Amino acid sequence: MKHVKIFALRRSQELGRQIAEKMGTELSELVTQRFSDGELSPHFTTTIRGQNVFIIGTLSQPHSNIMEMMLTIDAAKRSGAKTINCIMPYLAYARQDKKGASRSGIGARVMANMLEVNGADSVTIVDLHATQIEAAFNIPTVHITGRNVFIPKMKEVLNDDWVICSPDAGGTVRATQFSNFFNLPLAIIDKKRDRPNSIGSMILSGGGADVKGKNVMIIDDMIDTAGTLCKATDMLLDKYGAKSVSATITHPVLSGPAYKRIAQSQITKLYTSDTIALPDSKTFENEEIYVPKNKIEVVSCTTAIAKVTEKMISNSSVDVGLEELILEN
Ligand code: R5P
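The structure displayed is predicted, hence computed values, not measured ones.

Asks: Before we move on, could you go through the site of the ligand and cite the residues and values that matter?
Replies: In the vicinity of the ligand there are 15 residues, among which D220, D221, T225, A226 and T228 approach most closely. A distance of 2.8 Å is found between an oxygen atom of the ligand and a backbone nitrogen or oxygen belonging to A226. The fraction of the free accessible surface of the ligand (380 Å²) that becomes covered by protein chains is 91%. Counting residues per element, the shell around the ligand draws most heavily on strand β11 (residues 215-223), at four residues. Among the residues making up the shell around the ligand, the classes are represented as three nonpolar, five polar and seven charged.

Here it is, written out as structure tokens:
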């Protein structure tokens with residue numbers, strides 16, 4: 001590809017390699033040195049002057065990855081790149097899409113400001129927590145929805161015996177995209193949080209679909225501590241009589257007790273993506289927890305990212321590219 005170079009941050013090398021491979025190319029070399037106190041210093045080993053540069057870096061483990069992205073953008077800017085395009089499959093701080101309380105900040109807005117002021121010319125993000133986050137950016141945003149990633153897989157899984165379910169009011173638009181595509185009923189959970197990562201109450205909203213005797217597919221953008229998913233699963237099975245509960249959740253943040261909760265839960269299957277790589281095990285409260293891979297199936301986001309990146313490079317419609325993915329697969 002002429003005048004195009006693709007790079008990946010340290011923790012996104014495998015993701016970047018797969019995206020580049022699907023585009024029929026390879027990652028170019030970006031070396032990042034780390035000082036003893038944790039400071040990072042990235043540099044490009046060959047010229048990028050006049051090039052359209054794509055930097056792939058998912059922003060889980062946010063603080064070091066965000067800083068590495070910012071320093072890499074700065075290095076690209078100072079090296080004469082023509083355009084700097086950030087591909088961030090998981091955008092950290094997207095949950096903070098509005099003021100959560102009086103006198104609080106808006107994390108997603110801070111992210112948008114930092115990226116833009118620092119020199120990003122475009123951003124590509126998978127399954128934004130809320131689409132209005134795009135309004136925080138004054139540069140082109142490419143939004144690959146969960147629908148774009150998972151519909152090909154869901155064609156194999158879903159049939160008339162299923163109900164789609166949003167685990168909270170905020171996720172209704174996302175879940176509706178699946179219920180409309182597959183012409184399946186939609187149930188909505190009314191979830192109230194008492195503090196971050198803690199659920200105060202959860203009931204099924206009135207007016208939504210009945211889940212009794214049905215297989216339920218919960219649709220969400222992220223699973224963090226797995227509190228939402230496990231509580232919703234228990235409620236749908238034990239209180240409302242669902243036959244089974246599975247979930248399609250794009251970003252496997254999976255922090256703290258998440259793996260333990262999933263392993264011990266009544267959930268049948270969690271379909272998630274590789275916007276964040278799954279480890280083999282994690283430590284929680286000094287105990288080594290193995291990832292319950294029998295309950296988790298990873299659907300790759302790399303096909304969709306490769307497709308939209310090719311469309312950007314050829315200056316053609318990203319939207320058409322994403323629809324092609326859904327209809328052809
Ligand atoms: C909330 O609005 C999000 O869409 C997820 O439902 C939430 O972040 C999941 O968090 P946890 O797994 O900790 O309940």
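The structure having been displayed, the exposition proceeds.
Asks: Can you tell me about the pattern of salt bridges, naming the residues and giving the values?
Replies: Taken as a whole and assessed by the stated rule, the structure comprises 18 salt bridges. Notably, a salt bridge pairs E21 with R17, separated by 3.1 Å at the nearest N-O pair. With E21 and R17 both in helix α1 (residues 13-22), this residue pair falls four residues apart, about one helical turn. Residue R17 is classed as partly exposed on the basis of its relative accessible area of 39%. One salt bridge in this structure joins K307 and E324, with 3.0 Å as the shortest N-O distance. A residue pair is termed long-range when its members are at least 10 positions apart, and K307 in helix α8 (residues 302-313) and E324 in helix α9 (residues 318-328) qualify at 17 residues.

Asks: I'd like a description of the environment of A112, backed by residues and values.
Replies: Following the sequence through the fold, A112 ends up in helix α3 (residues 107-118). Judged by its relative accessible area of 0%, A112 falls in the buried class. A sequence separation of 22 residues divides A112 from E134, and the C-alpha atoms of the two residues are 8.6 Å apart. A112 has contacts with A136 and F137, leaving out every residue within four places of it along the chain.

Asks: Describe α3, naming the residues involved and giving the relevant values.
Replies: In this model α3 runs 16 Å from its N-terminal to its C-terminal C-alpha over 12 residues, within 8% of the 16 Å that 1.5 Å per residue would give. What α3 keeps buried is the set G107, A108, M111, A112 and L115. Down the axis, α3 shows its buried residues gathered within 145° of arc, on one side only. Downstream of α3 by one or two residues, G119 has phi in the positive range, about 130°.

Cut-offs applied
Residues numbered from 1 in each chain as written. Predicted model: local features only at pLDDT ≥ 70, side-chain atom pairs only at ≥ 80, totals over all residues. Heavy atoms only, no water. Near = heavy atom within 4 Å. Polar contact = N/O pair within 3.5 Å; in protein donor to acceptor, adjacent residues only side chain to side chain. Areas by Shrake-Rupley, 256 points an atom, 1.4 Å probe, with all protein chains shown as cover. Helix = DSSP H or I, 4+ residues; strand = E, 2+ residues; numbered from the N terminus. Nonpolar A, V, L, I, M, F, W, Y, C, P; charged D, E, K, R; others polar. Salt bridge = Lys/Arg side-chain N within 4 Å of Asp/Glu carboxyl O. Buried < 20%, exposed > 50% of the residue type's maximum accessible area, 1.4 Å probe, protein only. Contact = heavy atoms within 4.5 Å. Expected span 1.5 Å × (residues − 1). Arc of directions from axis to C-beta.

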